[in-house]
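# Topology and contacts: notes
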Amino acid sequence: MIFLVTPGTVSNPRALIGGSPPRKILSGLSSVFPRGLMLNPLWWRIALEYPLLRYSFALAPFVAAILIWPDLALPISGAPLLMFLFIHYIEGEILSVSNPEKRRRLLEPAEAERRADLFARRGRELLTRIAAGRGLAEGELHLVVEQSAMAPVAPLTLVSLQRAVEDDRRGCPVLEVDAEEARLLTEGLFDAVSGTGRLTEAEFHRLGLYENRFLHAVTLEARSISAHARMAALARAADHAVAPEPAPAP
């Protein structure tokens, strides 16, 4: 489940203000949710990332026990240590892979390296095309991919394009993207199905679990963009400019 994060795709863009690239979004103090109604499945998937909601689910059995056996309400509510241990078990053993030995068994080192290299290569290719299309001549552009640390649920991947701002306390490092850039970022980073030379969102998430690292960034220095890449960007822009209009219906 990929969420392309820009000031225009979130319901509270002020939550993106502050920080410098690569800036965390999913684990920040301010909640970042997509625009639209709460009926959107992505909204609820992101809500699961915030501890308060998860703790509420974890403590639900204690609340149910109090409702079923009201005579035991006092001893149940007076057992904070038991509740803490229960939440710790849910968070550490069920929702994540906290044991280093279990993490090492998730992937072979050679496969982990292949996935990391493929991600870095694709990220650089996308950044080169986007930066050339924008005509950037200097500065750094960052492709930031942040994934959920929760293991047993569908992967959640937040993708953003970031650039340093002059005032990292008030500026917004997360950039807006146009329709073509959005298509590149959502379709060009991961494959829909696995296979030789491919990398799916789930396979990249497994790499994150293996490394116990869920914030990934690829950085491109604008000065490193080749003249060929810039000429290709100009050619694509010219093709879009002279694209023929559809013929009117008879």
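Residues numbered from 1 in each chain as written. Predicted model: local features only at pLDDT ≥ 70, side-chain atom pairs only at ≥ 80, totals over all residues. Heavy atoms only, no water.

## Topic: unusual backbone geometry
- The omega torsion of the bond from Pro21 to Pro22 falls at -10°, within 30 degrees of zero and hence cis.
- Its location among the elements puts Pro22 in the loop between strand E1 (2–4) and helix H1 (41–47).
- Residue Asn212 is not a glycine yet carries a positive backbone phi of 55°. (Helix = DSSP H or I, 4+ residues; strand = E, 2+ residues; numbered from the N terminus.)

## So, helix H6 (residues 109–134)
- Spanning 26 residues, H6 covers 37 Å between terminal C-alpha atoms, matching the ideal 38 Å at 1.5 Å per step.
- Those residues of H6 not exposed but buried are Ala112, Arg115, Leu118, Phe119, Arg122, Gly123, Leu126, Leu127, Thr128, Ile130, Ala131 and Ala132.
- Immediately downstream of H6, the backbone of Gly135 shows phi near 70°, a positive value. (Expected span 1.5 Å × (residues − 1). Buried < 20%, exposed > 50% of the residue type's maximum accessible area, 1.4 Å probe, protein only.)

## Notes on the pattern of salt bridges
- Taken as a whole and judged by the stated rule, the model has 12 salt bridges.
- The residue Arg114 makes a salt bridge to Glu111 at a minimum N-O spacing of 2.9 Å. A residue pair is termed a helical-turn pair when its members lie 3 or 4 positions apart in one helix, as Arg114 and Glu111 do in helix H6 at 3 residues.
- Note that Glu111 is salt-bridged to Arg115, the shortest N-O span being 2.7 Å. With Glu111 and Arg115 both in helix H6, this residue pair falls 4 residues apart, about one helical turn.
- Look at the salt bridges and you will find they share partners, linking Arg129, Glu180, Arg183 and Glu187 into a network. (Salt bridge = Lys/Arg side-chain N within 4 Å of Asp/Glu carboxyl O.)

## Quick look at the confidence of the model for the chain
- Here the chain shows a mean pLDDT of 83. Residues at 70 or above account for 81%.
- Element-level pLDDT for the chain is lowest in helix H3 (residues 73–77), with a mean of 65, against a maximum mean of 96 in strand E3 (residues 157–162). (pLDDT = per-residue confidence, 0-100.)

## Quick notes on the pairing of strand E2 (residues 140–147)
- Judged by how many residues are buried, E2 sits mostly within the fold: 7 of 8 residues are covered.
- Pairing between E2 and strand E4 (residues 215–221): 7 bridges, direction antiparallel. Looking across to E4, one finds that Glu146 is bridged to Leu215.
- Direction of pairing for E2 relative to E3: antiparallel, over a ladder of 6 bridges. (Pairing = 2+ DSSP bridges.)

## Regarding the packing of H6 against helix H8 (residues 201–211)
- Where H6 contacts H8, the axes come no closer than 10 Å and their chain directions differ by 120°. When the axis of H6 is compared with that of H8, the two are oblique. Crossing geometry of H6 relative to H8 is assigned as left-handed. In this structure, H6 uses Pro109, Ala112, Arg115, Ala116 and Phe119 to contact H8, whose residues at the interface are Glu203, Phe204, Arg206, Leu207 and Tyr210.
- A breakdown of the residues in the contact of H6 with H8 according to their chemical character gives 7 nonpolar, no polar and 3 charged. (Axes fitted to C-alpha atoms, helices over the stretch in contact; angles between N-to-C directions. Parallel < 35°, antiparallel > 145°, perpendicular 65-115°, else oblique. Left-handed = near helix turned anticlockwise from the far one by under 90°. Contact = heavy atoms within 4.5 Å. Nonpolar A, V, L, I, M, F, W, Y, C, P; charged D, E, K, R; others polar.)

## Some details on the side chain of Glu181
- Assignment of secondary structure puts Glu181 in helix H7 (residues 179–187).
- Look at Glu181 and you get buried, because its relative accessible area is 7%.
- In this structure the side chain of Glu181 is engaged in a polar contact, spanning 2.8 Å, whose partner is the side chain of Arg134.
- Setting aside residues up to four positions removed in sequence, Glu181 forms contacts with Ile130, Arg134 and Glu176. (Polar contact = N/O pair within 3.5 Å; in protein donor to acceptor, adjacent residues only side chain to side chain.)

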